[in-house]
Amino acid sequence: MNMIFAEYLLLSSLVLGVQLFLHQTQRIQFVEVSDNAKIQCSSTENLEGGSRMFWYLRREGEKPTCIKRCLDDQNVSKFACKHETHSSTLEINNVQKTESGIYYCAYRYSSYLIFGNGSTLIVGDSYTKSSWVMLLVPFPRDSQVTGTANLACVIHGVSSPVHVSWSVSGELQEEGLTRSLKAKDGSLTLINHISVPRDTWTSGKNFTCEVKFNSSGNSVKKSTRYPAAPASECSHYIVPLVAGAGLLLLVVSLSLVWTLCPSTLGLKPRTSAAPASEEHQGGILYAHLDFDSRNHKGRTMQRSAREKRVKA
């Protein structure tokens, strides 16, 4: 959903041209339940007192919805807009877990809305008793065929968004693209993936996915590297066969997230676990990964939402 939304806004901006740019510098913010939050948006042009400013919220698995029109003074006890010449700030009082999501500032220009790049707000703790993290990596031969390697971090059973970051041998990389699935009980399964060049994947470097559920708890890390020597055909399929053959087609069928046993996935609860050490076996699954990714120098990145417009 987030990728489709970003691509649509980017296409609109290319068609309409660029005359005003909105930027949200704070990409992620953790707050506790019942606290207050402030989300800032800066502009290259004068915002004319903020009367044309809007704020949108996109929750995981849902379409963006307008939650505040800054010209409208209704519901000021919950949302309030504060303005300066080249910036606008959304103040949220008494935030609740249901208000976790990505907040976009928007400015009405003529008959169109120009959107900022979005700020993620995580309220409280996203971790639940059924949460686990697993790293999916391609079969060694897959990257040789395609020229790139897709790696995916699966976060199962969370109550709200989480912060996912990737690093290669300790060097922080661009954020990956996230896809989400909502279960009947309201819990979320998030799949964050990146694509790297084959030469980078086979270089022997460590690839680490780090997941942060809240502001104070320990993060969960899953690490892997390309095997020094090709594994046998049998070893390729041991883990997928244990979990079920359907796991090999993750994008086609996301049933893996409901069938795998959490105890086999290296679960590390925030209440008692020490910072996770790098792993090369536990919680790693070889699979055929075929994501419709957008690569920049071989690495999948989230499309920036800057200079975007949609018709209001």
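Residues numbered from 1 in each chain as written. Predicted model: local features only at pLDDT ≥ 70, side-chain atom pairs only at ≥ 80, totals over all residues. Heavy atoms only, no water.

**Focus on the sheet that holds strand β7 (residues 87–92)**
Item 1. The four strands lie next to each other as β1-β3-β7-β6, forming an open sheet whose pairing is antiparallel. Only two strands of the sheet have a single neighbouring strand rather than two, namely β1 (22–23) and β6 (79–84).
Item 2. Judged from the six bridges that link them, β6 and β7 form a sheet pairing that is antiparallel. Considered in β7, the bridge of A80 is made with E91. (Pairing = 2+ DSSP bridges. Helix = DSSP H or I, 4+ residues; strand = E, 2+ residues; numbered from the N terminus.)

**Details of the pattern of salt bridges**
Item 1. All chains considered together, the criterion is met by three salt bridges.
Item 2. The closest approach of N and O atoms between K182 and E62, which form a salt bridge, is 3.8 Å. Here the residue K182 occupies a position in strand β15 (residues 177–182), and E62 occupies one in the loop between β4 (53–58) and β5 (65–69), the gap between them amounting to 120 residues.
Item 3. The class of K182 is partly exposed, set by a relative accessible area of 47%.
Item 4. A relative accessible area of 30% means that E62 is categorised as partly exposed.
Item 5. Put simply, D199 and R198 hold a salt bridge, and the shortest N to O gap is 3.9 Å. (Salt bridge = Lys/Arg side-chain N within 4 Å of Asp/Glu carboxyl O. Buried < 20%, exposed > 50% of the residue type's maximum accessible area, 1.4 Å probe, protein only.)

**Remarks on the nonpolar core**
Item 1. In terms of nonpolar packing, the biggest core is built from 25 residues, with L151, I155, V162, W166, W201, V211 and F213 touching the most fellow members.
Item 2. Of all the elements in the fold, those that place two or more residues in this core are β11 (132–138), β12 (148–158), β13 (163–168), β16 (188–197) and β17 (207–212).
Item 3. Examining the composition of this core, we find that five residues originate from one element, β12, more than from any other.
Item 4. Apart from the residues within four sequence positions on either side, F213 is in contact with F30, I122, G124, D125, S126, Y127, S131, V133, I155, V158, V162 and V220.
Item 5. Membership of the second largest hydrophobic core comes to 22 residues, among which are W55, C81, I92 and L121. (Core = buried A, V, L, I, M, F, W, Y, C linked by side-chain atoms within 4.5 Å. Contact = heavy atoms within 4.5 Å.)

**Overview of the packing of aromatic side chains**
Any aromatic ring pair is given by two values, namely how distant the centres are and how the planes are angled relative to each other.
Item 1. All chains considered together, the criterion is met by five aromatic pairs.
Item 2. Ring centres of Y104 and F115 lie 6.5 Å apart, and the angle between their planes is 80°; on these two criteria the pair is classed as edge-to-face. Linking Y104 in strand β8 (residues 101–109) with F115 in strand β9 (residues 112–115), this pair joins segments that are eleven residues apart in sequence. Summarising the burial analysis for this pair, Y104 and F115 share the class buried.
Item 3. Consider the rings of Y127 and F213, whose centres lie 5.3 Å apart with planes at 90°: the pair is edge-to-face. With a gap of 86 residues between them, Y127 in the loop between β10 (119–123) and β11 and F213 in the loop between β17 and β18 (220–224) connect regions that are remote in the sequence. We note that Y127, like F213, is buried. (Phe/Tyr/Trp six-rings, centres within 6.5 Å; stacked < 30°, edge-to-face > 60°.)

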